[in-house]
Amino acid sequence: MADFFEFEADFVDSLRCIPMQVRCKLDTCGIKLKLSDWNQMTTAERQALVELPCTIETEIQSYRKYIQKLILQRTGIAAAELPIERHPAWLDCENIPPTVQEKAQEIGVVLTQQKWASLRPLQRFALIKLSRPGHENKNFNRAIAEFHLL
C-alpha cells in the first residue's frame, strides 16, 4: 500500500523525487540511492520500489537484492551500501532524537514523548530525515502540521 505524505504531494504523481516510504525501505535494507539513480529508473520500477514490502527479514533481503540489481542495470555501477541500524530511531517510540527535538523547538513546537509515541514509525522516520543537519528542512514544518504536532 502506498503511504505518501501530504508534504510530498508536489512530486508523488510523477515520482520524480524519492518518497519517504522508499527512503525508509532503503535505510532498512542498507542501500544508498542517489536521486540521479532514481531518475534513471522507469516509472514502473519506481512504483515497484514504493509497493514492494520491506518489513520482515525475508522481505528486506528481497528488496535489497532487487534494488541492487536495478541500480546496477540502470547505472552500470554497484549500489552503495549503508550501515543498517539494529535499533533504528524511528522504531523507538520512547526517545525523541535530539535533532528532531531541536528542530521542533526552533519553530516553537514542544514535542513530548507522548506525541512522539503516537506517531507511526514512518512519520517518525520522516521527522528524523527532515531534521538532519545539512538537510534543506523545508518540509519539516509541513510535516509537523500534517502530523498534528502543533
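Just so we're clear, the structure is a prediction, and the values are computed from it rather than from any experiment.

A. Up close: the overall build of the protein. For the protein, the count of helices and strands is nine helices and two strands. Ordering the α and β elements of the protein from the N terminus gives α-α-β-α-α-α-β-α-α-α-α. What you see for the protein is a C-alpha radius of gyration of 16 Å, in line with the 15 Å of a compact globule of 150 residues. With the C-alpha coordinates of the protein rotated into their principal frame, the extents come out at 45 × 30 × 30 Å. Considering only contacts in the protein between residues 6 or more positions apart, those separated by 24 or more positions represent 59%. Carbon together with sulfur atoms contributes 53% to the accessible area of the protein, which is approximately 8500 Å² in total.

B. A look at unusual backbone geometry. With phi around 55°, Leu-15 is a residue other than glycine that occupies positive phi space. Its location among the elements puts Leu-15 in the loop between helix 1 (9-12) and helix 2 (20-29).

C. Layout of the nonpolar core. Membership of the largest hydrophobic core comes to 23 residues, with the highest contact counts inside it found for Phe-7, Trp-116, Leu-127 and Phe-147. Secondary-structure elements contributing two or more residues to this core are helix 2, helix 6 (98-106), helix 8 (121-130) and helix 9 (140-146). Counting residues per element, this core draws most heavily on helix 8, which supplies six residues. Those residues in contact with Leu-127 that sit more than four places away from it in its chain are Val-100, Trp-116, Leu-119, Phe-140, Ala-143, Ile-144, Phe-147 and Leu-149. One finds Ile-18, Leu-26, Val-50 and Leu-70 within the second-largest nonpolar core, a separate group that totals 18 residues.

D. Up close: the packing of helix 2 against helix 4 (residues 43-51). Between helix 2 and helix 4, the least distance of the axes is 8 Å, while the angle of their chain directions is 70°. It follows from the interaxial angle that helix 2 and helix 4 lie roughly perpendicular. As for the relative orientation of helix 2 and helix 4, their crossing is left-handed in sense. Packed against helix 2, whose contacting residues are Gln-21, Val-22 and Lys-25, the element helix 4 presents Leu-49, Val-50 and Glu-51 at the interface.

E. The packing of aromatic side chains, seen in detail. A complete count under the given rule lists four aromatic pairs for this structure. Summarising the aromatic geometry, the rings of Phe-7 and Phe-147 are spaced 6.4 Å apart at their centres and angled 65° between planes, so their arrangement reads as edge-to-face. Of the two residues, Phe-7 is situated in the segment before helix 1 and Phe-147 in the segment after helix 9; the sequence distance between them amounts to 140 residues. Each member of the pair, Phe-7 as well as Phe-147, carries the same accessibility label: buried. Ring pairing ties together the aromatic residues Phe-5, Phe-7 and Phe-147, which thus form one cluster.

F. Expanded view of the pattern of salt bridges. Tallying each qualifying case throughout the model produces six salt bridges. Salt-bridge contacts for Asp-3 lead to Arg-120; the nearest nitrogen and oxygen are separated by 2.6 Å. Of this pair, Asp-3 sits in the segment before helix 1 while Arg-120 is found in the loop between helix 7 (113-118) and helix 8, placing the two residues 117 residues apart along the sequence. We note a salt bridge from Asp-10 to Arg-16, for which the minimum N-O separation is 3.7 Å. Look at Arg-16 and you get partly exposed, because its relative accessible area is 41%.

G. The arrangement of the packing of helix 2 against helix 8 in detail. At a closest axis distance of 10 Å, the pairing of helix 2 and helix 8 adopts a crossing angle of 85°. In terms of axis orientation, helix 2 runs roughly perpendicular to helix 8. Two secondary-structure elements touch here, helix 2 through Met-20, Gln-21, Arg-23, Cys-24 and Asp-27 and helix 8 through Leu-122, Phe-125, Ala-126, Lys-129 and Leu-130. Considered class by class, the residues forming the contact of helix 2 with helix 8 number six nonpolar, one polar and three charged.

Reading the values: the criteria
Residue numbering note: each chain is counted from 1, following its sequence as written. Confidence filtering applies because this is a predicted model: local features only for residues at pLDDT of at least 70, side-chain atom pairs given and counted only at 80 or more, and all residues used for totals across whole chains, interfaces and linings. Note that water and hydrogens are dropped before the side-chain values are worked out from all heavy atoms of the structure. Each helix is a run of H or I in the DSSP string that is no shorter than four residues. Each strand is a run of E no shorter than two, and both are numbered from the N terminus. C-alpha atoms define the radius of gyration in this analysis, and the globule rule sets the expected value at 2.2 Å times the number of residues to the power 0.38. Contacts were defined at the residue level, with two residues in contact if any of their heavy atoms lie within 4.5 Å. To measure how exposed things are, a 1.4 Å probe is used in the Shrake-Rupley method; for residues, cover is taken only from the protein chains shown. Definition of nonpolar core: a set of buried residues of the types Ala, Val, Leu, Ile, Met, Phe, Trp, Tyr and Cys, connected through side-chain atoms within 4.5 Å. Exposure categories follow from relative accessible area, calculated using a 1.4 Å probe and restricted to protein chains: below 20% of the type maximum is buried, above 50% is exposed, and the middle band is partly exposed. Fitted lines through C-alpha atoms serve as axes, helices being fitted only where they are in contact, and the angles separating the N-to-C directions of these axes extend from 0 to 180 degrees. For classification, angles of less than 35 degrees are called roughly parallel, those exceeding 145 degrees roughly antiparallel, those between 65 and 115 degrees roughly perpendicular, and all remaining angles oblique. Should the near helix be turned anticlockwise from the far one by less than a right angle, the crossing is left-handed, and should it be turned clockwise, the crossing is right-handed. Any two of the Phe, Tyr and Trp rings considered here, Trp counted by its six-membered ring, make a pair once their centres fall within 6.5 Å; the pair's planes then place it as stacked at under 30 degrees, edge-to-face at over 60, or tilted in between. We define a salt bridge as a contact between a side-chain nitrogen of Lys or Arg and a carboxyl oxygen of Asp or Glu at a distance within 4 Å. Basically, the charged four are Asp, Glu, Lys and Arg, the nonpolar ten are Ala, Val, Leu, Ile, Met, Phe, Trp, Tyr, Cys and Pro, and anything else, Gly included, counts as polar.

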